Amino acid sequence: MLDVLIAGAGVSGLHAALRLSEHGLQVRLLEAADRVGGRLRSVSVEGGGLDLGATWFWPNEPTVRGLIRELDLPTHPQYRRGDALYQDPRGVQRLSGNPIDVPSSRFSLGAESLARAIRRRLAPGVLRTGTAVTTVRVEPDGIRVESRGSDGGLEAMKAREVVLALPPAAAAGLDIEPRPSSELMELFRRTPTWMGATTKVVLRYARPFWREAGLAGSAMSHTGPLREVHDMSGPGGRPAALFGFASPGPGETVVEAPVLAQLTRLFGEDASAPLEMWIEDWRTAPYVSPPDAGESQRVDLYGHPGLVEPFAGGRIHLASTETATAFPGHVEGALLASARVVRRILDRRAGSL
């Protein structure tokens with residue numbers, strides 16, 4: 001009998017596993033993918049890491065900043081110097097200064113370095129990747145959790161409490177018995193998955209050539225395919241990179257040629273020849289975005305009381321950035337959601353002793 005079983009090794013699930021383990025609880029963390037981090041996904045390149053998912057954290061976010069200090073991770077400020085660009089059907093306009101970017105910071109080795117650092121703190125046996133939770137069954141003597149491994153093998157475990165560290169829409173796809181109320185399940189399904197409708201494009205270059213022209217690397221566009229563009233270079237401009245967000249419609253995908261054509265119109269011929277290019281369509285990310293992830297735009301549901309309060313007699317908890325009552329959609333929100341669940345579990349345990 002485990003004290004807590006956690007489904008999902010994004011930053012919320014990892015953080016919950018770390019803190020609960022530190023308090024002596026017997027914890028198991030199951031992750032369907034073969035990696036940790038969820039939407040903290042980065043690629044390692046010479047000189048640092050480039051983010052295909054979450055990118056920034058901000059000065060007013062003490063939880064993530066405290067964790068960064070605890071884990072001793074290198075960070076650097078977002079580059080903001082120079083002019084920004086504005087694109088509409090009439091063409092490209094150069095703006096005086098950079099009204100697009102705000103003071104923020106980035107993980108020098110990529111945001112996934114935060115998840116990997118937490119993973120290294122977990123005791124052997126706590127985390128198991130390649131293991132997808134399929135069924136959560138509440139029974140009189142505990143909660144039975146069934147999972148399927150990447151080899152197709154089935155396994156069952158029992159825990160006193162369960163944390164679903166998943167976007168609510170992904171949690172709605174689990175077989176939960178007894179079934180939560182229809183109102184609660186509808187809330188799960190209608191809550192949009194942060195970045196679930198987004199495609200992120202990252203391009204690495206030999207040098208940050210836009211800076212040589214006095215540009216910040218930032219742009220807003222009403223023509224696309226990228227609706228906004230930012231500098232993703234590391235400290236001192238290495239690795240040199242740009243990234244942008246696109247929101248393709250149903251049946252549409254983002255492909256290389258139109259992106260390169262747009263960036264060439266914005267930044268000049270040097271933009272047409274990146275060393276590497278990544279297109280991360282989060283609509284198709286397994287275990288993150290359900291097939292209809294882009295349909296709901298109800299971001300006002302983030303932090304809804306139905307997502308914050310545990311169910312099944314207080315024994316099943318939700319912990320993801322969508323459930324945060326502050327900073328939803330940020331790494332800070334994911335950590336605050338995790339901290340909320342950890343406090344509840346520890347308080348419940350203290351009250352039962």
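Residues numbered from 1 in each chain as written. Predicted model: local features only at pLDDT ≥ 70, side-chain atom pairs only at ≥ 80, totals over all residues. Heavy atoms only, no water.

**Some details on the overall build of the protein chain**
- Check the secondary structure of the protein chain and you find nine helices and 20 strands.
- The globule rule puts the C-alpha radius of gyration for 353 residues at 20 Å, and the 21 Å found for the protein chain is close to it.
- For the protein chain, the spread of C-alpha atoms along the principal axes amounts to about 65 × 40 × 40 Å.
- Each of the 353 residues in the protein chain was classed as buried or not, and the buried ones make up 58%.
- The average position of the 40 basic charges and that of the 40 acidic charges among the side chains of the protein chain differ by 3 Å. (Helix = DSSP H or I, 4+ residues; strand = E, 2+ residues; numbered from the N terminus. Rg over C-alpha atoms; globule rule 2.2 N^0.38 Å. Buried < 20%, exposed > 50% of the residue type's maximum accessible area, 1.4 Å probe, protein only. Lys, Arg positive; Asp, Glu negative; His and termini not counted. Charge placed at Lys NZ, Arg CZ, Asp CG, Glu CD.)

**Comments concerning the sheet that holds strand S6 (residues 75-77)**
- Taken in spatial order, the three strands make up an open sheet running S5-S9-S6, and their pairing is antiparallel. Edge positions in the open sheet fall to strand S5 (56-57) and S6, since each of these has one partner strand only.
- With three bridges connecting them, S6 and strand S9 (residues 105-107) associate as antiparallel partners. For Thr75, the partnering residue across the bridge sits in S9 and is Phe107. (Pairing = 2+ DSSP bridges.)

**Notes on the packing of aromatic side chains**
- A full pass over the atoms with the stated rule returns nine aromatic pairs.
- Pairing Tyr205 with Trp210 gives two aromatic rings, centres 6.0 Å apart and planes at 70°, and the pair type is edge-to-face.
- Classification of Tyr205 as buried rests on a relative accessible area of 3%.
- Centroid distance Phe209 to Trp210: 4.9 Å. Interplanar angle 85°. Geometry classified as edge-to-face. Each member of the pair, Phe209 as well as Trp210, is classed as buried.
- Taken together, the aromatic side chains of Trp56, Trp58, Phe243 and Phe245 make up a single cluster linked through ring pairs.
- Of note, Lys200 hangs over the ring of Phe243, and the distance from its end group to the ring centre comes to 4.6 Å. (Phe/Tyr/Trp six-rings, centres within 6.5 Å; stacked < 30°, edge-to-face > 60°. Lys NZ or Arg CZ within 6 Å of the ring centre and 35° of its normal.)

**Observations regarding the sheet that holds strand S15 (residues 199-205)**
- A sheet is described by the order of its strands in space; here seven strands give the open sequence S8-S7-S16-S17-S18-S15-S19, paired in mixed fashion. A strand with exactly one partner marks an edge of an open sheet, and here the two such strands are strand S8 (91-94) and strand S19 (276-281). Pairwise comparison of adjacent strand axes, ignoring direction, gives a mean angle of 20° for this sheet.
- Note that strand S7 (residues 83-88) and strand S16 (residues 215-221) share four bridges and pair parallel. Looking at the pairing, Leu85 lines up with Ala219 of S16. (Axes fitted to C-alpha atoms, helices over the stretch in contact; angles between N-to-C directions.)

**What about unusual backbone geometry?**
- The omega torsion of the bond from Gly224 to Pro225 falls at 5°, within 30 degrees of zero and hence cis.
- Here Pro225 lies in the loop between S16 and strand S17 (228-231).
- That bond from Arg238 to Pro239 is cis: its omega, -5°, falls within 30 degrees of zero.
- Note that Pro239 resides in the loop between S17 and strand S18 (240-246).
- With a phi angle near 55°, Phe327 is a residue other than glycine that sits in the positive phi range.
- As for its placement among the helices and strands, Phe327 is situated in the loop between strand S20 (316-318) and helix H9 (331-352).

**Some remarks on the environment of Leu187**
- Along the chain, Leu187 falls in helix H5 (residues 182-190).
- A relative accessible area of 10% means that Leu187 is categorised as buried.
- Sequence-distant contacts of Leu187, that is, excluding residues within four places in its chain, are made with Leu301, His304, Gly306 and Leu307. (Contact = heavy atoms within 4.5 Å.)

**Concerning the nonpolar core**
- In terms of nonpolar packing, the biggest core is built from 40 residues, with Ile6, Leu20, Leu29 and Leu114 touching the most fellow members.
- Those elements giving two or more residues to this core turn out to be strand S1 (2-7), helix H1 (11-22), strand S2 (27-30), helix H2 (62-71), helix H3 (112-121) and H9.
- At seven residues, H9 tops the list of elements feeding residues into this core.
- Excluding anything up to four places from it in sequence, Leu114 contacts Val11, Leu40, Val64, Leu67, Leu71, Leu73, Phe107 and Val331.
- Val136, Val145, Ile176 and Met185 belong to the second largest nonpolar core, which has 27 residues in total. (Core = buried A, V, L, I, M, F, W, Y, C linked by side-chain atoms within 4.5 Å.)

**Describing the packing of H2 against H3**
- In contact at an axis separation of 11 Å, H2 and H3 are set at 55° when each is read in the N-to-C sense. What the angle tells us is that H2 and H3 run oblique. The two elements H2 and H3 cross, and the hand of that crossing is left-handed. Only Leu114, Ala117, Ile118 and Arg121 of H3 make contact with H2, whose side of the interface consists of Val64, Leu67, Glu70 and Leu71. (Parallel < 35°, antiparallel > 145°, perpendicular 65-115°, else oblique. Left-handed = near helix turned anticlockwise from the far one by under 90°.)

**A few points about the packing of H1 against H3**
- Running from N to C, H1 and H3 cross one another at 25°; their axes reach a closest spacing of 10 Å. By the angle class used here, H1 and H3 are roughly parallel. Here the hand of the crossing between H1 and H3 comes out left-handed. Residues Val11, Leu14, His15 and Leu18 of H1 lie in contact with H3, whose contacting residues are Leu114, Ala115, Ile118, Arg119 and Arg121.
- Across the contact of H1 with H3, the residue classes break down as six nonpolar, one polar and two charged. (Nonpolar A, V, L, I, M, F, W, Y, C, P; charged D, E, K, R; others polar.)

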